[in-house]
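# Structural features, examined
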Amino acid sequence: MHYFLSYMSLRNIISPVTLLINGKEREFENGKTLSSTEFDTFLIIDRVEAAQGRLIITAHAQEQVSSFNPEEHNIFDGV
């Protein structure tokens, strides 16, 4: 399975982006390039910061994506 960081707001970032995944660094020309990049694992974004004219996104890989079943997770239980 392949995953993308395709948040709409990423596509609007025009500055360079550094993506840190489990300590490994990857450089992207801008947010549009990052959002069109294919990843082998599902990524969880831990931190976003700006430094020296670039956006730095720290993330970690999550091997298995848990499925969400709304019938099992009713936010109105007990109300």
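Residues numbered from 1 in each chain as written. Predicted model: local features only at pLDDT ≥ 70, side-chain atom pairs only at ≥ 80, totals over all residues. Heavy atoms only, no water.

## Regarding the pairing of strand S3 (residues 24–28)
We apply this condition: Pairing between strands is defined by DSSP: at least two bridges between the two strands are required. Secondary structure is summarised from DSSP: a helix means a run of H or I of at least four residues, a strand means a run of E of at least two, and numbering begins at the N terminus for each.
When strand S2 (residues 17–21) meets S3, the two strands line up antiparallel, connected through 5 bridges. Looking at S3, one finds that Leu19 is bridged to Arg26. Linking S2 to S3, which pair antiparallel, is a turn of 2 residues; within it Asn22 sits at a positive phi near 50 degrees.

## A look at the nonpolar core
This is how it is decided: Within this scheme, the nonpolar core is defined by two criteria: the residues are buried Ala, Val, Leu, Ile, Met, Phe, Trp, Tyr or Cys, and they are joined through side-chain atoms within 4.5 Å. Only protein chains enter the accessibility calculation, which uses a 1.4 Å probe. A residue is then buried if its area is under 20% of the maximum for its type, exposed if over 50%, and partly exposed in between.
The biggest cluster of nonpolar side chains holds 12 residues, and these are Leu10, Ile13, Val17, Leu19, Ile21, Phe28, Leu34, Phe39, Leu43, Leu55, Ile57 and Ala59. Listing elements by their share of this core, those giving two or more residues are S2 and strand S6 (54–62).

## Quick word on the side chain of Asn30
Filter applied, for reference: Nitrogen and oxygen atoms within 3.5 Å of one another constitute a polar contact, given that in protein one can donate a hydrogen and the other can accept it, and given that sequence-neighbouring residues count only through two side-chain atoms. Between two residues, a contact is recorded if the distance between any of their heavy atoms is within 4.5 Å.
Turning to its location among the elements, Asn30 is positioned in the loop between S3 and helix H1 (31–35). Of note is the side chain of Asn30, whose polar atom sits 3.1 Å from the backbone nitrogen of Lys32. Setting aside residues up to four positions removed in sequence, Asn30 forms contacts with Ile13, Ile14, Ser15 and Val17.

## Here's the deal with the confidence of the model for the protein
Predicted coordinates in areas of low pLDDT are best not read in detail. For the record, the criterion: Here pLDDT means the predictor's own confidence in every residue, given as a number from 0 to 100.
Overall, the prediction assigns the protein a mean pLDDT of 80, with 70% of residues at 70 or greater. Confidence scores differ between elements of the protein, with strand S1 (residues 3–4) showing the lowest mean pLDDT of 58 and S3 the highest of 95.

## A closer look at the sheet that holds S2
Defined as follows: For helices, the axis comes from a line fit to the C-alpha atoms of the stretch in contact; other axes are also lines fit to C-alpha atoms, and the angle between any two N-to-C directions lies between 0 and 180 degrees.
Ordered by their spatial adjacency, 4 strands build an open sheet running S3-S2-S6-S5, and the pairing between neighbours is mixed. With one partner strand each, in any of the chains shown, S3 and strand S5 (42–51) form the two edges of the open sheet. Within the sheet, the average angular offset between the axes of one strand and its neighbour, ignoring direction, is 25 degrees. Bridging between S5 and S6 involves 9 bridges; their strand directions are antiparallel.

## Here's the deal with the pairing of S2
If a strand is regular, its side chains alternate between the two faces of the sheet. Along S2, 4 of the 5 residues are buried, which leaves the element largely enclosed by surrounding structure. Examined bridge by bridge, S2 and S6 share 5 bridges and lie parallel to one another. Looking at S6, one finds that Leu19 is bridged to Ile57.

## Some details on the pattern of salt bridges
Definition in use: What makes a salt bridge here is a side-chain nitrogen of Lys or Arg within 4 Å of a carboxyl oxygen of Asp or Glu, nothing more.
On inspection of all chains with the given rule, the structure shows 2 salt bridges. The closest approach of N and O atoms between Arg54 and Glu27, which form a salt bridge, is 2.3 Å. Of this pair, Arg54 sits in strand S6 while Glu27 sits in strand S3; the two residues are 27 residues apart in sequence, bridging distant segments of the chain. A residue is classified by how much of its surface remains accessible, and Arg54, at 24% relative accessible area, is partly exposed. Classification of Glu27 as partly exposed rests on a relative accessible area of 44%. Here Arg47 ties to Glu49 by a salt bridge, and the two come within 3.2 Å at their closest N and O atoms.

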